[in-house]
Every structure is written in C-alpha cells, then in structure tokens.
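Next come the chains, spelled out residue by residue.
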Amino acid sequence: MAERKVRVRFAPSPTGALHIGGVRTALYNYLFARQHGGDLIFRIEDTDSNRFVPGAEEYILESFKWLGIHFDEGVSFGGECGPYRQSERREIYKKYVQVLLENGKAYIAFDTPEELDAKRAEIANFQYDASTRGMMRNSLTMPKEEVDALIAEGKQYVVRFKIEPNEDVHVNDLIRGEVIINSSILDDKVLYKSADELPTYHLANIVDDHLMGVSHVIRGEEWLPSAPLHVLLYRAFGWEDTMPEFAHLPLLLKPEGNGKLSKRDGDRLGFPVFPLEWHDPKSGEISSGYRESGYLPEAVINFLALLGWNPGNDQEVMSMDELIKLFDLHRCSKSGAKFDYKKGIWFNHQYIQQKPNEEIAELFLPFLKEHGVEAPFEKVVTVVGMMKDRVSFIKELWDVCSFFFVAPTEYDEKTVKKRWKEDSAKCMTELAEVIAGIEDFSIEGQEKVVMDWIAEKGYHTGNIMNAFRLTLVGEGKGPHMFDISWVLGKEETIARMKRAVEVLK
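Model, not experiment: these values are computed from the prediction. (Residues numbered from 1 in each chain as written. Predicted model: local features only at pLDDT ≥ 70, side-chain atom pairs only at ≥ 80, totals over all residues. Heavy atoms only, no water.)

Asks: For this particular structure, what's the right way to read the packing of helix H16 (residues 424-436) against helix H17 (residues 443-457)?
Replies: Between two packed helices, what matters for the description is the angle formed by their axes and the separation of those axes. The interhelical angle for the contact between H16 and H17, taken along N-to-C directions, is 135 degrees, at an axis separation of 11 Å. With respect to H17, the element H16 is oriented oblique. The handedness of the crossing between H16 and H17 comes out as right-handed. Facing Cys427, Glu430, Leu431 and Val434 of H16, the residues of H17 in contact are Val449, Val450, Trp453 and Lys457. (Axes fitted to C-alpha atoms, helices over the stretch in contact; angles between N-to-C directions. Helix = DSSP H or I, 4+ residues; strand = E, 2+ residues; numbered from the N terminus. Parallel < 35°, antiparallel > 145°, perpendicular 65-115°, else oblique. Left-handed = near helix turned anticlockwise from the far one by under 90°. Contact = heavy atoms within 4.5 Å.)

The following block contains the structure:
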C-alpha cells in the first residue's frame, strides 16, 4: 500500500480569543505537515451555537496570519473537502448518525434533564452506560412503535453511542506510546441532539477527520481521555484501517508549574496569553496580546516551539525553516511544560539583535512619531544599530536613545552632582572650541584630536568624558561618546555643549 499523504488539521471553536496553548497546537501541526510535504486544514468547530462569539473566527485567522502559520485548505482558504465549518455540515452528520443507528452501534434516548437528575440522586456516581441504560427511556427499552411515535410528535431526543462493556481499548499515541483503557469506565456519550439538529464534538470530529482524509490528529493532552471513545467510533463505522494516528501534546502549565496555564496567570504576572489583543464583545474586557505587547512573531513561534519539544541539541534560536527541518513528535515531552514567560522576552531580544537595522528602524518609526520626532531614516538606522542590543522590545528603544533625537533641556541631578566638577564649565568651553576645529568628524578623527588635547592639557580623561556625556545626553548613559557626537554632527554637538555650560555653570 502506498504511503498515506500527511494531512493534519487545526479545528478551533469560535468561542473567544485563541489561547496560546491552541497556537502551539496549531504550530506543531504546521511543522509536522510542512516537514512531510503534507496539508494543514483549518476547520471551525461551531456545533455549540450557545457559545459562539462574534468576531472570534476572524480573530483566529488574523492571529495565524501575523504568526506566519499558513493553511492549505479550510474556512476562508477553500479546498475540495468542504464545507469546513461544522454548522454547515448538518446533513452529512445526520447521514452518519443513521448509519450507527441502523447498525445497532447507537440508540435514541428520550430521558429528560429532570429524569437524569433524579437517577443521579438515586444512584451514586451514576453513569449512562451498559449497567444503567436498561432502566432508562431509550430505544433499547421501548417498543419501536413508541419510539417512532415520540419522534413523529416532535419529542426531543439524543442519540447515544452504545459502548460494549469490559473491553480493553488500545490507543497508540505517538508521544505516550500505547494507552489502554477499559471500556467499562466510558459512558454512552451523546453523539447527536435533536434540539438543534447538530452532533456533539465527538461525532463531528470523527466524521470530518475521516471525510477530510486526516492522517494524524495532533491535539492537546486534555483530549486523551476521549481517545478510546474515538477509536471505538472509528471501529463502529468500519473505518479502523484509515483511522488517523494520535499524538496528545503536553499541557502548558503555570510559570510555577502547578496547574494549567490560564489568562489569570498572565494578568497576575504581566504577560499575554493570547497572540493578539482581544476585545471581549460580551464583557467589554480587553486582554493583552503578544503583537500589541511588542513581540516579534518569529520570537513567539520559536518560544512556543520549545515549550514541550526539544530539537535534540543545544540550539535555541531557530527560524521557521529550521524548526520544520528538526521537528519530531517523538521528541515531545509527556509531562507538562512550564510557561517560562521570561524566556519569551529573551527570545524577543535575540530576534531584535538578528534583524537588519533597517527593519528594526521601520518598526521604531511609529514610536518616534508618537514623541513628535521626525528624523532622516538613515539616522534612525544608525541609532538603532548602536542601541538595539540594550532592549528586549522595540518600544524600549525610545528610553535608551531619545537623546539622539531630542536635546536635553534639563540635566540629571545625581549625575551633575557626581560628574560636573568646578572646572567642568571651563573645560567644556575649551572642548567645544577644539571640536569646532576638527576637520575629520568621523569617530576615529574626533577621538584622536580630543584625546591628544586632553593629554596635552594634562586633564583627567574620566572627568572630561563624563562632563562631555552630560552635556550631550543630560545624564550618564549612552554608548561610546564619539559615537554620540558623530551621530549628532558637529553643529548639534557644539550647540548642546554651550547650552549645558550656560545652565550648569
């Protein structure tokens, strides 16, 4: 038999913002598909109409566009296996519900919520299964005529999967190995509800994965308890030979490691748990996003890839192409991954260093504009090149290099007290004259003339350079002094020195 084409899917529910754990699941599916020359399908699982949130689907799509995760087919991408939105596949699901009913693999149940509650009160740890279904109102205990009559009357019902007891169900997981669960602990899951004529997740995802030719189901660990049910459903439909392989990914844990990562953890510790800023249409609450917080998409991808997977070497910084080449599901961890958000900041710093100065300068321009600064692009590129190694976010550049664009109007008191000596005004006046006479205003040209002057005068180099920095920057920070004066140019350098002497003398 020819090797099966790799086809994987990411199938979110449009119930709100996309959690960063969902992003990681989509990323692993993407890396796996690309590595094997396969397809990534984008499916929307919207069978739970009560939880639908307007704008969520568009938000999810925009998130992946920003992150650089590309889908091959699905909602908004087209393809031959559509429709890709579950709410548009009602008739398909009905057909397969009928197949299960006709083959005795499922049955119709009329139990009302009140009757189910009464049974739960009567029987401790009640579960609707082989041991209890005989005492309930369903097509296994009622005459066919009565069942047909109730349906004809429009009585609401559900279709339940008929699970045979005491059978060991084997789930071969690519990360965890063989998982065996006895069917007796499983309940007769509801597969379809007549109230909204929609299937539950369990039926819909099995039917969709089969019809869409999904070869591998790569999803979160929280779905592992449902995997035996899904194996039994494949078997009930006679699709066992084409059943996808399963891989259940480790959970993303709180930074402390105790429990699943939640939005509250982000709020508490000041990091985003969503890719983009989310405006909740119901509550009006605004949640922070990685994009708006200043993270580069490549940094987010690299950071997430290493949460629960390792490349088998010491490499940490990897491009998407490198991740695709190295990714291996067998190197995913079985245990949960602590969400080390500080490592995310570290990755952002690394990617800022790697990017060309021109690209960082483009990203910095809006921040300059925010502060009313318009500067030649070449100057912005030069400044960024000097200062980007000092920041983890592009917005932080303003704090470390604003003096390149705006002359100081006041001077840091502590620095003045420490660095401005009795003779500093006289020395800076002299230095301004020396600088005015420098013909070669390159960094090297300035340094030679100024250092020769200091030596000739017998001045203390540290005192001169510290005072010089104070006149140009307004405080004791910044790169090499002659880098600063070179960027400012001769005229601006002298003007700043004279102004400082006037204010500080």
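Asks: Sorry if this is basic, but what is going on with the layout of surface pockets here?
Replies: Regions of empty space are outlined by a rolling probe, equal in size to a water molecule, passed over the atoms. The space that makes up the largest pocket amounts to roughly 1,200 Å³. If you list the elements that add at least two residues to the lining of the largest pocket, you get strand S1 (7-10), helix H1 (20-35) and strand S10 (216-220). No other element matches H1, which puts 4 residues into the lining of the largest pocket. Split into classes, the residues belonging to the lining of the largest pocket amount to 19 nonpolar, 14 polar and 15 charged. By volume, the second largest pocket amounts to about 350 Å³. Taken together, 16 residues make up the lining of the second largest pocket; nearest its centre are Asp111, Pro113, Gln156, Tyr157 and Val158. Of all the elements in the fold, those that place two or more residues in the lining of the second largest pocket are helix H4 (113-122), strand S5 (158-161) and strand S8 (190-193). Split by residue class, the lining of the second largest pocket holds 8 nonpolar, 3 polar and 5 charged. (1 Å grid on protein atoms, 1.4 Å probe; cavity = no way out; pocket = protein on both sides within 12 Å on 5 of 7 lines; lining within 4 Å. Points joined across faces, edges and corners; volume = space filled by probe spheres on them. Nonpolar A, V, L, I, M, F, W, Y, C, P; charged D, E, K, R; others polar.)

Asks: For this particular structure, what's the right way to read the sheet that holds strand S2 (residues 39-42)?
Replies: Strand pairing in a sheet relies on backbone hydrogen bonds, with the paired strands running either antiparallel or parallel. One open sheet accounts for 3 strands, arranged S1-S2-S3; its pairing is parallel. One side of each edge strand has no neighbouring strand; the edge strands of this open sheet are S1 and strand S3 (73-74). Pairing analysis gives 4 bridges linking S1 to S2, with the strands arranged parallel. Across the sheet, Arg9 pairs through a bridge with Ile41, a residue of S2. (Pairing = 2+ DSSP bridges.)

Asks: It is not clear to me how the side chain of Asp46 should be interpreted in this structure. Could you clarify?
Replies: Of note, Asp46 is situated in the loop between S2 and helix H2 (56-67). For the buried residue Asp46, which engages in no salt bridge, the nearest side chain bearing the opposite charge is Arg85, 4.5 Å off. A polar contact is formed between the side chain of Asp46 and the backbone nitrogen of Gln86, at a distance of 3.3 Å. Among residues more than four places away in sequence, those in contact with Asp46 are Pro14, Arg85, Gln86 and Ser87. (Buried < 20%, exposed > 50% of the residue type's maximum accessible area, 1.4 Å probe, protein only. Lys, Arg positive; Asp, Glu negative; His and termini not counted. Salt bridge = Lys/Arg side-chain N within 4 Å of Asp/Glu carboxyl O. Polar contact = N/O pair within 3.5 Å; in protein donor to acceptor, adjacent residues only side chain to side chain.)

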